[in-house]
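Architecture and fold: a report
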Protein chains: 4
Amino acid sequence: MSNSLYVCTMNYMKRGFASDNNSGVSPEVLEKFAEINKGHVVGYGDDIYTKKAINLLKGQFGESAIPFLVFTGTAANVLSIAAATKSYHSVICASTAHINIDECGAPEKFSGCKLLSVNTPNGKLHPVIIAPLLAGKGFEHHVQPRLVSISQPTEMGTVYTVEEIKQLSAFAHENKLLLHMDGARLANAAVSLKLPFRAFTADAGVDILSFGGTKNGLMAAESIIFFNPALAENFKYIRKQGMQLASKMRFVAAQFIAYLENNLWERNAINANKLARYLCRQVKGINNLTVTQPVQANGVFAIVPKEIIEKLRKEFFFYTWNEEAGEVRWMTSFDTQKNDIDEFVSILKQLL
Amino acid sequence: MSNSLYVCTMNYMKRGFASDNNSGVSPEVLEKFAEINKGHVVGYGDDIYTKKAINLLKGQFGESAIPFLVFTGTAANVLSIAAATKSYHSVICASTAHINIDECGAPEKFSGCKLLSVNTPNGKLHPVIIAPLLAGKGFEHHVQPRLVSISQPTEMGTVYTVEEIKQLSAFAHENKLLLHMDGARLANAAVSLKLPFRAFTADAGVDILSFGGTKNGLMAAESIIFFNPALAENFKYIRKQGMQLASKMRFVAAQFIAYLENNLWERNAINANKLARYLCRQVKGINNLTVTQPVQANGVFAIVPKEIIEKLRKEFFFYTWNEEAGEVRWMTSFDTQKNDIDEFVSILKQLL
Amino acid sequence: MSNSLYVCTMNYMKRGFASDNNSGVSPEVLEKFAEINKGHVVGYGDDIYTKKAINLLKGQFGESAIPFLVFTGTAANVLSIAAATKSYHSVICASTAHINIDECGAPEKFSGCKLLSVNTPNGKLHPVIIAPLLAGKGFEHHVQPRLVSISQPTEMGTVYTVEEIKQLSAFAHENKLLLHMDGARLANAAVSLKLPFRAFTADAGVDILSFGGTKNGLMAAESIIFFNPALAENFKYIRKQGMQLASKMRFVAAQFIAYLENNLWERNAINANKLARYLCRQVKGINNLTVTQPVQANGVFAIVPKEIIEKLRKEFFFYTWNEEAGEVRWMTSFDTQKNDIDEFVSILKQLL
Amino acid sequence: MSNSLYVCTMNYMKRGFASDNNSGVSPEVLEKFAEINKGHVVGYGDDIYTKKAINLLKGQFGESAIPFLVFTGTAANVLSIAAATKSYHSVICASTAHINIDECGAPEKFSGCKLLSVNTPNGKLHPVIIAPLLAGKGFEHHVQPRLVSISQPTEMGTVYTVEEIKQLSAFAHENKLLLHMDGARLANAAVSLKLPFRAFTADAGVDILSFGGTKNGLMAAESIIFFNPALAENFKYIRKQGMQLASKMRFVAAQFIAYLENNLWERNAINANKLARYLCRQVKGINNLTVTQPVQANGVFAIVPKEIIEKLRKEFFFYTWNEEAGEVRWMTSFDTQKNDIDEFVSILKQLL
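We now turn to the structure provided with this report. The model shown is predicted, which means the values in this text are computed figures rather than measured ones.

Scanning chain A from terminus to terminus reveals 14 helices and 11 strands. The C-alpha atoms of chain A give a radius of gyration of 20 Å, which matches the 20 Å a tight globule of 352 residues would have. C-alpha extents for chain A along the principal axes are approximately 60 × 55 × 35 Å. The proportion of buried residues among the 352 residues of chain A is 70%.

Here is the structure:
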């Protein structure tokens, strides 16, 4: 994301608004590690903890969901694409999509596919903007559209409604495409929509989901969930070949157990979303500051006078999203506290 | 490895001899996690813990060593290969090498290179067996040898001497090849050789090292260490594109801090090696049992009557290495205890 | 190209305006085949005819030019990219570029690179529209720009001036990028500019050139010409691995000998360009018809009433370029004749 | 093949025994070019000549055969593999196979697959030597065998019987593998077996065939023929992405028309095979010379005293196959004449 264009020069320990991956992990994760760190179990996932994590994921996403655990969000996305495509296929996504901008070309490198990205006002795809990309179907000179990939929430902090997702999946399936959802922050979307995960994934026609935990209090735990069993059939080989098969898998599993068994995911996301809305309310009236996107998850996008950005960043680290426009991104996290925001807003007001 | 040909049917918690990745993690790892799980730090490695881990690694391997952290041993190997090669190159390795057998073709998939594997009596390469593979150099019909990859210790539990490594690196460099070392169990080699790491890596002419921690008490922490700075120059892009850049990097770093700052690596490897030798001594005299490889690290290879293998495996899980020969592999781990072996040997003797 | 969206239903033998690859080959090609089809020569290019073709190419492009022969234009482009990049690089091109649209994702598949395409009014890149794409340089989350690829003439039938190319190469080199030129129709550009090839390639700062012959009267002969010897160093392996090393290379060489030794390239391109201009003049005054691009090479782009397109196509085959706009493309070829155009324009006028 | 280890220093025009691709093309090819070089046809294969070539190929291989035309034998093999595999698959072949040794790693690069090669006495695979390679099936650590690839004739000049091929295809299909045949010299095998092509391809259970013409008198024309329609379904995209779609396809088609419509293939192969057998008979009695393989196609392998090799090569170019053993390879071609052999044998006898 364009935010990486700014190098942090602080070795700070202060909670900021740079990204939800700047936070540490929920204490429940470390407790779960201690609990399961006993004796030997077979490596690579053939153990009781992995089975439990898989079952908890099925509990959230439905019995027919087929989950696989990996380490990084990039891997969850790239391996999802690899599972759904051949190298002559294309993947349709928003130009702001993480797969398009922030993964150093890993999707192209690993899958061989071309990404067809389209500009959107708010990070959301819609059948109307996808349709023209299908014109080359059947002609061998052109990459063949195979997968539509959406982010939920989007990289712009907006959240698709169930209806919007259903429209996309219906459109995709009518055109023999599959629908992938990058849910690196899926918990924030669920809390925003006040819906169980499956209502806007499996039940809305999503075929493959990247379900993230790292950005919401886990350490390094992401999953790929197939709602279309044919796609999952040989996926274990893709994961291994993709260098994402954990030898001590129980510790990736443990993170998902901690995440799901007592609704840690929900508590964490409620906090992050609530404080993003709070931040939005606190800054909305301020002169010379425009919130540019509806705050539906845990990100606030705003245009602020360029001259204050560097000064503000010295106090609380965050990233510029759009240099030219002076648009910045403030992310809240599972551990953000109300007084972080009060302090931040107070400094912001002084600078303006 | 061929050991995965046997599916474990036990959900056991008992320490066995299947693999050193069947163990959990050293308590020091969890303690370190708790210690550093405070506040925010910049993601992706631009934080004080990662800097500390890098410095500790430089402390072991020399100031000019350039380390990068990743999650899995397969990734450490594959990305090492990718850093050193173009797709028309070949990688020379022993036929028993992990990269050749146990990584589901990830090296070929990611680097495009062909692996040229050669049979060896003990898992060790030698210039004499490499030389004939160089015959096609300069001819465009043939893949071009670029990298020699050795495992230290080997997959057969043997350990290269410093002299053997120097011979290989000299031979490689004379022929404009690079030398890669797969050190997934490097601590076990160091303890076996009674030498500091750098004596048989950097100082012996190794160009790229996969330095593992997971198999010796860490959770999921491996590193790639370049002794040839030109190879490291653009490696950050390869790691990211290889889906191995941790967003909460401090927790991978923490594992290496725990590993290196109080010689945890050494204590763990001493135990594993010592108990492998103990196991070897206990079984060596037994009738109908032949130890097939010198026990120089933490693995014991033995031929035992085929009819007892399944019975023995029901008590203590382990893998068959060579089905036809009835050769089995018994691995000790950082947490193996003397009475595990006494019990195992006692059952073994009853069965024989 | 979008023109492939229309399937030809005629088995016609009539010269049309679909593409310059719908024509056959110049008689000189077949004569040269007959001349060299004697005795044995070493395969794969180590023969006197290939040496002669290489020398003739050096005669056109300068002694330091390093040419390689291949079969297809897609191969010339893709292997050029592969020679200049690593998989984490990106290639900057116009959204209309052949590499972006008409090669079924071969550049991404073979090189692993991402293509960063930008919209242009006339198919031409300019430093001003490239500059914003360099923002992510040095940040590992983003693909790293490495190559600027331009088409000369462009896919829109326009031709870069020497000055424009020099600006692009200067900009590229200042930013440590390389400049590639897709010269599938380079002869048409040379004739248009009234300049020798090297004046707007080697001498204008181009690093790698795809120099095509097939579209201008050859059978299947394209070349990749390096003006930067470092890039050529290992290219023979890339060509072989790219499945483009001809075993009976003398017959690819023969085509270039025929093309270059008596200026066949020039005679052919003069005819095609002249008749494109003639076609343009004949249609320019017609009501309800708008020529949309300057006619600088051998293509004429025009918007015509949609209802006549199918009728016209039944008489002379051609492709629609932009369905929505009703924009069509008419290409002339080395063998197009004045009366082809007179007949075509006469029918067009009747339909309008 | 190791024969490329010798660089030819002659610009000779004399027919030698280096390779059947050192010859030119049959006159019928040039005649066919002249015949079809008229008017315009749609590019990329949608023309009457390509349809005719396809029909002639179906005439040879059966109505359900699905042929695609490409330029090179390496492409035919590599794209066959790509059509049949995913990147985690492996391809089983003889260690002498062209795909294993002589294609610069193109199969690995393009398909991502690992090649599992096995030593054979005569270049032929057999179920008994394949079976052990299937041990890792179903285990994600190991590449998954998917394709068995055999060469007919083999690179050692031997020819599989129908029965041998049927055994291999039955074995492959029982194990859910596919059978690929590299038929770069298929005509020589057909003539040797005195059987129509389909008797030892389609009717013997082959799934995918590389059917070559270049080595038997064509210029640059190879085909991939699917006997399993599911594999052909999306192959047009693979061919295009593999840079092997000819724009002026009619000229590739023309070569196959010339090859098949008047049995040119048969006449050419009869000559080559007959003269290989003649060469074999002439040298067999010679002291200090051992023919090492049965001469079943157009290659003769022999061990000769090392000291005469260079002298002999100065008169007639050929390649050394096995340097250590002093084994050489002499290939006859469609244009080899009896007196070429008489002269060659006479010099050989003088040298010995």
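This paragraph deals with the interface of chain A and chain B. Contacts between the two partners involve 63 residues from chain A, matched on the other side by 63 residues from chain B. Across the chain A to chain B interface the summed buried area is about 5,200 Å²; carbon plus sulfur atoms make up 59%. Among the residues of chain A in contact with chain B, A:His40, A:Met243 and A:Lys248 are the three that bury the most area, contributing 18% of the side total. Summed over the shared surface of chain A and chain B, the result is 0 salt bridges. There are 33 residue pairs in polar contact (both at pLDDT 80 or more) connecting chain A and chain B. Of all elements in the fold, only α1 (27-36), α2 (48-61), α3 (73-84), α5 (106-111), α10 (235-241) and α11 (250-261) of chain A reach the threshold of two or more residues within the side of chain A that touches chain B. It is α3(A) that provides the largest number of residues to the side of chain A that touches chain B, a total of 4 residues. A per-class count over the side of chain A that touches chain B returns 29 nonpolar, 20 polar and 14 charged.

Residues and elements named next belong to chain C. Counted by the stated rule, this structure contains 88 aromatic pairs over all chains. Between Phe318 and Trp330, the aromatic rings sit 6.1 Å apart at their centres with planes inclined by 85 degrees, giving edge-to-face as the arrangement. Note that Phe318 is positioned in the loop between α13 (306-315) and β10 (319-322) and Trp330 in strand β11 (residues 327-331), a separation of 12 residues in sequence. On the basis of relative accessibility, which here comes to 0%, the residue Trp330 falls in the buried class.

Further remarks concern unusual backbone geometry. That bond from C:Gln152 to C:Pro153 is cis: its omega, -5 degrees, falls within 30 degrees of zero. Take C:Pro153: it is sitting in the loop between β4 (144-151) and α7 (162-174). With phi around 55 degrees, A:Lys194 is a residue other than glycine that occupies positive phi space. Looking at the secondary structure, you find A:Lys194 in the loop between α8 (186-193) and β6 (208-212). Of the residues examined, A:Lys194 reaches a relative accessible area of 73% and is grouped as exposed. The phi dihedral of D:Lys176 is positive, around 60 degrees, even though this residue is not glycine. The topology assignment puts D:Lys176 in the loop between α7 (162-174) and β5 (178-183).

This part covers helix α14 (residues 338-351) of chain C. Residues and elements named next belong to chain C. The end-to-end C-alpha separation of α14 is 20 Å, in line with the 20 Å expected for 14 residues at 1.5 Å each. Where α14 is concerned, the buried positions are Asp340, Ile341, Phe344, Val345, Ile347 and Leu348. Take α14 and look down its axis: the buried residues cluster within an arc of 160 degrees, on one side only. Against the buried residues of α14 lie α12 (264-284), α13 and β11.

For the pair chain A and chain B, the relating rotation is 180 degrees, the translation along its axis is 0.0 Å, and the fit reaches an RMSD of 0.0 Å. Expressed as an axis order, the relation between the two copies is that of a two-fold axis.

As a further point, take the packing of helix α1 (residues 27-36) of chain D against helix α11 (residues 250-261) of chain D. Residue and element names in this part refer to chain D. α11 packs onto α1 with a crossing angle of 130 degrees between their chain directions and a minimal axis gap of 9 Å. By the angle between their axes, α1 is oblique relative to α11. Seen along the crossing, α1 lies across α11 with a hand that is right-handed. In contact with Glu28, Val29, Lys32, Phe33 and Ile36 of α1, α11 contributes Arg250, Phe251, Ala254, Gln255, Ile257, Ala258 and Glu261. For the contact of α1 with α11, the per-class residue count stands at 7 nonpolar, 1 polar and 4 charged.

Another point: the relation of the copies chain D and chain C. Between chain D and chain C, the superposition needs a rotation of 180 degrees and an axial shift of 0.0 Å, giving an RMSD of 0.0 Å. When you check the interface residues of chain D against chain C, 100% turn up at the interface there too, and the contact is symmetric in its surfaces.

To continue, consider the interface of chain D and chain C. In this assembly, 63 residues from chain D lie in contact with 63 residues from chain C. In total, chain D and chain C occlude about 5,200 Å² of area from one another, counting both sides; carbon and sulfur atoms represent 59% of this. Sorting the residues of chain D by area buried against chain C places D:His40, D:Met243 and D:Lys248 first, and these three jointly supply 18% of that buried surface. Between the two partners, chain D and chain C, sit 0 salt bridges. At the boundary of chain D and chain C, one finds 32 residue pairs in polar contact (both at pLDDT 80 or more).

As a further point, take the pairing of strand β7 (residues 222-226) of chain D. All names here are of chain D. Here β7 lies mainly inside the structure; 5 of its 5 residues are buried. Along β7, one buried face is formed by Glu222, Ile224 and Phe226 and the opposite face, lined by Ser223 and Ile225, is buried too. With 5 bridges connecting them, strand β1 (residues 66-70) and β7 associate as antiparallel partners. By the bridge assignment for β7, Leu69 is matched with Ser223. Of the strand pairs in this sheet, strand β6 (residues 208-212) and β7 are connected by 5 bridges, and their pairing is antiparallel. Bridge pairing in β7 places Ile208 opposite Phe226.

Residue and element names in this part refer to chain B. Taken as a whole and assessed by the stated rule, the structure comprises 56 salt bridges over all chains. Between Asp340 and Arg15 there is a salt bridge, with the nearest N and O atoms lying 2.7 Å from each other. Taken together, the residues Asp340 in helix α14 (residues 338-351) and Arg15 in the segment before α1 (27-36) connect sequence positions 325 residues apart. Asp46 is paired through a salt bridge with Lys51; the nearest N and O atoms lie 3.6 Å apart.

Quick look at α1(D) now. Inspection of α1(D) places D:Val29, D:Leu30, D:Lys32, D:Phe33 and D:Ile36 among the buried residues, and these make up the whole buried set. End-on view of α1(D): buried residues confined to an arc of 160 degrees, all on one side of the axis. Looking at the buried positions of α1(D), the neighbouring elements they touch are α1 (27-36) of chain C together with α2 (48-61) and α11 of chain D.

Thresholds applied
Residues numbered from 1 in each chain as written. Chains lettered and ligands numbered in written order. Predicted model: local features only at pLDDT ≥ 70, side-chain atom pairs only at ≥ 80, totals over all residues. Heavy atoms only, no water. Helix = DSSP H or I, 4+ residues; strand = E, 2+ residues; numbered from the N terminus. Rg over C-alpha atoms; globule rule 2.2 N^0.38 Å. Buried < 20%, exposed > 50% of the residue type's maximum accessible area, 1.4 Å probe, protein only. Contact = heavy atoms within 4.5 Å. Buried area = accessible area lost by both parts, 1.4 Å probe. Salt bridge = Lys/Arg side-chain N within 4 Å of Asp/Glu carboxyl O. Polar contact = N/O pair within 3.5 Å; in protein donor to acceptor, adjacent residues only side chain to side chain. Nonpolar A, V, L, I, M, F, W, Y, C, P; charged D, E, K, R; others polar. Phe/Tyr/Trp six-rings, centres within 6.5 Å; stacked < 30°, edge-to-face > 60°. Expected span 1.5 Å × (residues − 1). Arc of directions from axis to C-beta. Least-squares fit on C-alpha atoms with pLDDT ≥ 70 in both. Axes fitted to C-alpha atoms, helices over the stretch in contact; angles between N-to-C directions. Parallel < 35°, antiparallel > 145°, perpendicular 65-115°, else oblique. Left-handed = near helix turned anticlockwise from the far one by under 90°. Pairing = 2+ DSSP bridges.

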